[in-house]
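Chain by chain, the residues:
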Amino acid sequence: MTTMQRVPVIIFGAGRVGRALVQQLVESRELHRRRDGLDLQVVAWCDRDGALVDDDGLGPEALRAAGTLKEGGARLAETPLGYRQDDLRAIVDVAGTDGCVVADVTATGETVPALELALQRGYGAATANKVPLSGPQETFDRLTGSGRFRYESTVGSAVPVIEATLGLLRAADRVDAVRGALSGTLGFLFTGLQAGGLFSVLVAEALQRGYTEPDPRADLGGLDVARKALILARTLGWRLELRDVELESLVPPALADLPLHEFMARLAELDAEFAARVAAAGGQGHVLRYVAEIAGGHVRVGRQAVAADSPIGRLRGTDNLVAFHTRYYPDEPLVLQGRGAGVDAAAAGVHADIVALAKCRL
Ligand SMILES: NC(=O)c1ccc[n+]([C@@H]2O[C@H](COP(=O)([O-])OP(=O)(O)OC[C@H]3O[C@@H](n4cnc5c(N)ncnc54)[C@H](OP(=O)(O)O)[C@@H]3O)[C@@H](O)[C@H]2O)c1
């Protein structure tokens, strides 16, 4: 008979991905017990200033109720089992025990001290949070150097881009170039442009569908893609900082600091330039895409005219795609493609990382 391994899980972040992750862990608990011999128990769940903690595992009802209250805008500290906290390291201290895994589904660098403490204690950590890994190289080195830090959801959501990269490295493959479409939002805009849509109309539609952040400039600025490209390059072993990534923003400086409503009102000023670029690319059998490129010692994210029949050229809608050109994939690249938007996919990537970390210890 297989012995059941208890896996205490501490979760930082109770936003969209955090709530989806908790729901997935609650729903799949029996499956992991039966199939994997792992009993995943959420022992702590934190937002910015509050926490729910129970060393014996928070029950499904308490977790569901807290998730519903959070969705309605409450603080975790205000929920029935909640209390105020202002230091995630203390949560690691109180709730962590052998075999513990910490999941970071926030979007802040403030989690780094607590993640480092967890790793020092010998716990595992799984993250969807790009900020720590795209901060100073030395932070990336400290976190990933532990061998117990997994970050699949930071690049390409749940599409296993990091695992594929590590697989190529394990085989001593030589990676010559990586090209990716790493933003579902920008994918939607550029395939919409290709179909003849106006930039301003497409941005408004993406905002209305919830594909963009509340201020679309957060997506159009390209920083999110730059962070993903940096994490991918560092995973390949490159040593560089965010400032070394060549970044083309789609927001001209004149529109960067306007109030949101003025920005949206003036977006149409960009329509002609986008249409001209799309037409110029089309004249040469190319299509315009927002591409992250890691090649020849440089990391660049920005607009690129790519062959219409290339993997990125064929991509439609919000899917993410990464193409690896390597020694063992010399003619056609190794291509990974899949859903690049949606909180369930992001949470699934963290979920899989938690289980992988727990299985390493069986
Ligand atoms: N949404 C997606 O499709 C997607 C896909 C891939 C990766 N991701 C990544 O997943 C992460 C979470 O995304 P999301 O959409 O869930 O974001 P979100 O809705 O903004 O939630 C962020 C959560 O982090 C909490 N938080 C912020 N600072 C904190 C701190 N110092 N200590 C503890 N908790 C803190 C927030 O607390 P409060 O509730 O108190 O504000 C909130 O609960 C991000 O890094 C994002 O880039 C998202």
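Everything numeric here is computed off the predicted structure, so don't read it as measured data.

1. Here's the deal with the pattern of salt bridges
Applying the stated criterion across every chain yields a total of 29 salt bridges. Here aspartate 39 and arginine 33 are joined by a salt bridge, their closest N and O atoms 3.1 Å apart. Taking the relative accessible area as the measure of exposure, aspartate 39 reaches 7% and is therefore buried. Residue class for arginine 33 comes out partly exposed when judged on its relative accessible area of 28%. The partner of arginine 300 in a salt bridge is glutamate 246, and the shortest N-O contact between them spans 3.3 Å. Of this pair, arginine 300 sits in strand β11 (residues 298-307) while glutamate 246 is found in strand β9 (residues 246-247), placing the two residues 54 residues apart along the sequence.

2. Considerations on the sheet that holds strand β13 (residues 334-338)
In spatial order, the strands read β9-β11-β10-β8-β12-β13; together these 6 strands make up an open sheet with mixed pairing. Each having just a single partner strand, β9 and β13 make up the two edges of the open sheet. Strand contacts of helix α8 (residues 161-170): β8 (175-181), β12 (320-326) and β13, with the helix running at about 5 degrees to β12, the strand carrying the most contacts. The strands touched by helix α15 (residues 271-283) within the sheet are β10 (286-295) and β11, with β10 carrying the most contacts at an inclination of about 85 degrees.

3. Some remarks on the site of the ligand
In the vicinity of the ligand there are 23 residues, among which Val17, Lys70, Arg75, Thr106 and Glu110 approach most closely. Within the side chain of arginine 16, one N or O atom sits 3.0 Å away from an oxygen atom of the ligand. Within the contact set of the ligand, an oxygen atom lies 2.7 Å away from a backbone nitrogen or oxygen of threonine 106. Computed on the free molecule, the ligand has an accessible area of 920 Å², of which 80% lies beneath the protein chains in the complex. When residues of the shell around the ligand are traced back to their parent elements, those giving at least two are α1 (16-27) and α17 (343-360). Each residue belonging to the shell around the ligand can be placed in one class, and the counts come to 8 nonpolar, 8 polar and 7 charged.

4. Details of the side chain of serine 157
Turning to its location among the elements, serine 157 is positioned in the loop between β7 (149-150) and α8. Polar contacts involving the side chain of serine 157 include one to the main-chain amide nitrogen of alanine 346, which spans 3.3 Å. Not counting the four nearest positions on each side in its chain, serine 157 is found in contact with Glu152, Arg339, Gly340, Gly342, Ala345 and Ala346.

5. As for unusual backbone geometry
Peptide bonds are mostly trans, and most non-glycine residues show a negative phi. Located in the positive-phi region is serine 157, a residue other than glycine, with phi close to 55 degrees. Note on serine 157: relative accessible area 10%, which makes it buried. With phi around 55 degrees, alanine 172 is a residue other than glycine that occupies positive phi space. Structurally, the position occupied by alanine 172 is in the loop between α8 and β8.

Here is what the cut-offs are and how they apply
- Residues numbered from 1 in each chain as written.
- Predicted model: local features only at pLDDT ≥ 70, side-chain atom pairs only at ≥ 80, totals over all residues.
- Heavy atoms only, no water.
- Salt bridge = Lys/Arg side-chain N within 4 Å of Asp/Glu carboxyl O.
- Buried < 20%, exposed > 50% of the residue type's maximum accessible area, 1.4 Å probe, protein only.
- Helix = DSSP H or I, 4+ residues; strand = E, 2+ residues; numbered from the N terminus.
- Pairing = 2+ DSSP bridges.
- Contact = heavy atoms within 4.5 Å.
- Axes fitted to C-alpha atoms, helices over the stretch in contact; angles between N-to-C directions.
- Near = heavy atom within 4 Å.
- Polar contact = N/O pair within 3.5 Å; in protein donor to acceptor, adjacent residues only side chain to side chain.
- Areas by Shrake-Rupley, 256 points an atom, 1.4 Å probe, with all protein chains shown as cover.
- Nonpolar A, V, L, I, M, F, W, Y, C, P; charged D, E, K, R; others polar.

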